[in-house]
Amino acid sequence: MVIPLFFPSPYRSQFVPVRTRTNWFSVIGMPCHSNDSPCGLGDRGRGRSRSYNLSTMKNQEVDGQAPQQHLLRRIPKMDRLLTLQEFQELTSAHPRKRVVDSLRRALENLRQSALRNGLREEELEALAIHQQVQKELERQARPYYEQVINATGVILHTGLGRAVLAPEAALAVRDLSVRPQRVEIDVETGDRGGRDRGCGQLIEELVGCEAATVVNNNAAATILILAALARGKRVLLSRGELVEIGGSFRIPEIMSESGAILAEVGTTNRTHAKDYRQALDSADLEAECGMILKVHTSNYRVVGFTQEVDIATLVEIGRPAGIPVVHDMGSGCLIDLAARGCPGEELARQSIAAGADLVCFSGDKLLGGPQAGIIAGKAEMVERCRKHPLMRAMRPGRLIYTALEATLRLYLEEDAASRIPILRQLLEDTEVLRRRAQRLARRLGKIDGLTVDVVESLSQAGSGSLPTREYPSWAVRLGRSEENATELAHQLRRGTPPILARVNDDAVLLDLRTLDPKEFPAIEKRLGEISTNGE
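Residues numbered from 1 in each chain as written. Predicted model: local features only at pLDDT ≥ 70, side-chain atom pairs only at ≥ 80, totals over all residues. Heavy atoms only, no water.

Draft legend 1. Representation of the overall build of the protein chain within the structure. The helix and strand inventory of the protein chain stands at 21 helices and 19 strands. Here the analysis covers contacts within the protein chain between residues at least 6 apart in sequence; of these, 72% occur between residues at least 24 apart. (Helix = DSSP H or I, 4+ residues; strand = E, 2+ residues; numbered from the N terminus. Contact = heavy atoms within 4.5 Å.)

Laid out in structure tokens, this is it:
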């Protein structure tokens, strides 16, 4: 006697009759063949690989079932998969919730493939599903902020964190980050002190200013200075310095957000001292003038028929009128690069000596420290910045102060240029780079299928420092017959650690100015993997 039973189908909106003679394992989604494993491994081990594809089975049925239903029934169940040793090992190595979520996504992908494009039988095996889940878990466990190898030739690469810290700064952060440390305590009196005092004293000594403070970046320094000194007042600025830096830092918008009023002077390519004087005397401008601002052009230079007013002349214009003169120096520089054979920028000490009331610059560019914004100058104006309500929102954490202090202390030594990584790379002799390129080329030349040669190259400071200037360098040029340069560069980025190279004239270039010889083995290993695995 056959008694019809009705079970709800999760894939159709009606009930499906199931006969009592039907194997109960097939009713609950388990394989019903006697030679099948408990997890839907099917004909595994028999050397057969059937392919189920809805495009070729459109109007066919398999074992009396619609093709979608047949494929869906063969997908292993989550609870059964989780009992397998391989999956239990995953739950031991990773959070169980993450394993379950990843497995659920893998099974859902199989269901969607069954309904759309079909499945190969090997995709239904527990081993294949395990491998897929394991790869996703490994990807999730991999830190986002991981080490990379910079072979681009861009020393201060914004996408790669800009300046690499000096070993002394990194060691200070490592040692103090796991312990309580002095930040805002005066150890002599036990009272609360200034958290920027440690760095401030060093900046005062190095720059020759009365006072200094630190915020979280130079953009913050700029808006804080404008808000503290010129809210509701006019700020005179050359049209040639209306810069845009990054995605949303544009001087007119920053000026507006600070509450200051932008007053443009001169033209894009030529601004004269008389333009500032005329703006000060203009009867058309009702608001009081609160500042003369000079801004470093960062990512560009205006060349050709040009004229700009230096900071000393601006001081001569502003001081008689009692108007503060502020120099936003952008990247900032504390040592004379030109004296060491490298085209440099204005020194912070020079602007202070010229009479600028305040200067501001970055900590993670030419200074070679952590991301920070430094404000230095007259004590009364620095104090106004410190007391402004925005200061608390912009002040950095203790680890920034720790790394910055350690970096600044290096500048007190005569060999600072050789101890701070950014300066050492910038000043590295090209002959040294050529010999390193030859060493790397000899190592990589042993890899099958890889063409290697040494070529001249050009490097950049990057991150708006020393804009448009290029520095002679040497590079190792790579090529593979199996793929183009873009694909090879992509494969290098997928390694551990990722290797970022430059693509030029359909070849991959590894620029030696930003490479450390200690990174050569990792580069050789990754290119060997690409060659061996045919990636």
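Draft legend 2. Molecular detail of the sheet that holds strand β12 (residues 325-330). Strands sit in the order β6-β14-β13-β12-β11-β7-β10 across an open sheet of seven strands; the sheet is mixed. In this open sheet, the two strands that pair with only one neighbour each are β6 (211-215) and β10 (261-265). Recorded for the sheet is a direction-independent mean angle of 25 degrees between the axes of neighbouring strands. Across five bridges, β6 lies against strand β14 (residues 373-377) in antiparallel orientation. Bridge assignment links Val-215 to a residue of β14, and that residue is Gly-373. Against the sheet, helix α8 (residues 197-207) engages β6, β13 (358-362) and β14, with an angle of about 125 degrees to β6. (Pairing = 2+ DSSP bridges. Axes fitted to C-alpha atoms, helices over the stretch in contact; angles between N-to-C directions.)

Draft legend 3. A look at the layout of surface pockets. Of the volumes computed, that of the largest pocket is approximately 1500 Å³. Around the largest pocket sit 38 residues that line it, and Glu-146, Gln-147, Val-148, Ile-149 and Leu-160 are the ones nearest its centre. Counting residues per element, the ones that place at least two in the lining of the largest pocket are α6 (126-141), β5 (149-150) and α18 (421-427). Residues of the lining of the largest pocket, tallied by class, amount to 16 nonpolar, seven polar and 15 charged. (1 Å grid on protein atoms, 1.4 Å probe; cavity = no way out; pocket = protein on both sides within 12 Å on 5 of 7 lines; lining within 4 Å. Points joined across faces, edges and corners; volume = space filled by probe spheres on them. Nonpolar A, V, L, I, M, F, W, Y, C, P; charged D, E, K, R; others polar.)

Draft legend 4. How the structure looks around the packing of helix α7 (residues 167-177) against helix α16 (residues 398-410). Direction vectors running N to C along α7 and α16 enclose 145 degrees, while the axes themselves pass 8 Å from each other. For the crossing formed where α7 meets α16, the hand is right-handed. On α16, the residues touching Glu-168, Ala-169, Ala-172, Val-173, Leu-176 and Ser-177 of α7 are Arg-398, Leu-399, Thr-402, Ala-403, Ala-406, Thr-407 and Leu-410. Partitioning the contact of α7 with α16 into residue classes produces eight nonpolar, three polar and two charged. (Left-handed = near helix turned anticlockwise from the far one by under 90°.)

Draft legend 5. Focus on the side chain of Glu-136. Position of Glu-136 among the secondary structure elements: in helix α6. Those residues in contact with Glu-136 that sit more than four places away from it in its chain are Ser-102 and Arg-105.

Draft legend 6. Structural context of unusual backbone geometry. Following Thr-496, the chain continues to Pro-497 via a peptide bond in cis, the omega torsion being 0 degrees. Relative to the helices and strands, Pro-497 resides in the loop between α20 (485-493) and β17 (499-500). Positive phi values are uncommon outside glycine, yet Asp-506 reaches one of about 55 degrees. Tracing the sequence through the fold places Asp-506 in the loop between β18 (502-504) and β19 (507-511).

Draft legend 7. Seen up close, the pairing of strand β11 (residues 289-295). Of all seven residues in β11, seven are buried, a share of seventy percent or more. Looking at chain direction, β11 and β12 are connected through four bridges and run parallel. Paired with Lys-294 across the strands is His-327, a residue of β12. (Buried < 20%, exposed > 50% of the residue type's maximum accessible area, 1.4 Å probe, protein only.)

Draft legend 8. Focus on the environment of Gly-118. Relative to the assigned elements, Gly-118 resides in the loop between α5 (96-116) and β4 (119-120). Note: C-alpha distance between Gly-118 and Leu-71 (47 residues apart in sequence) is 8.0 Å.

Draft legend 9. Local environment of the pattern of salt bridges. Evaluation of the coordinates by the stated rule reveals 34 salt bridges. Between Glu-122 and Arg-120 there is a salt bridge, with the nearest N and O atoms lying 3.3 Å from each other. For Glu-122, a relative accessible area of 31% translates into the label partly exposed. Linking Arg-195 and Glu-184 is a salt bridge whose minimum nitrogen-to-oxygen distance equals 2.8 Å. Within this pair, whereas Arg-195 is found in the loop between α7 and α8, its partner Glu-184 is found in the loop between α7 and α8, the two being separated by eleven residues in sequence. Put simply, Glu-184, Arg-192, Arg-195 and Arg-395 are held in one network by salt bridges that share partners. (Salt bridge = Lys/Arg side-chain N within 4 Å of Asp/Glu carboxyl O.)

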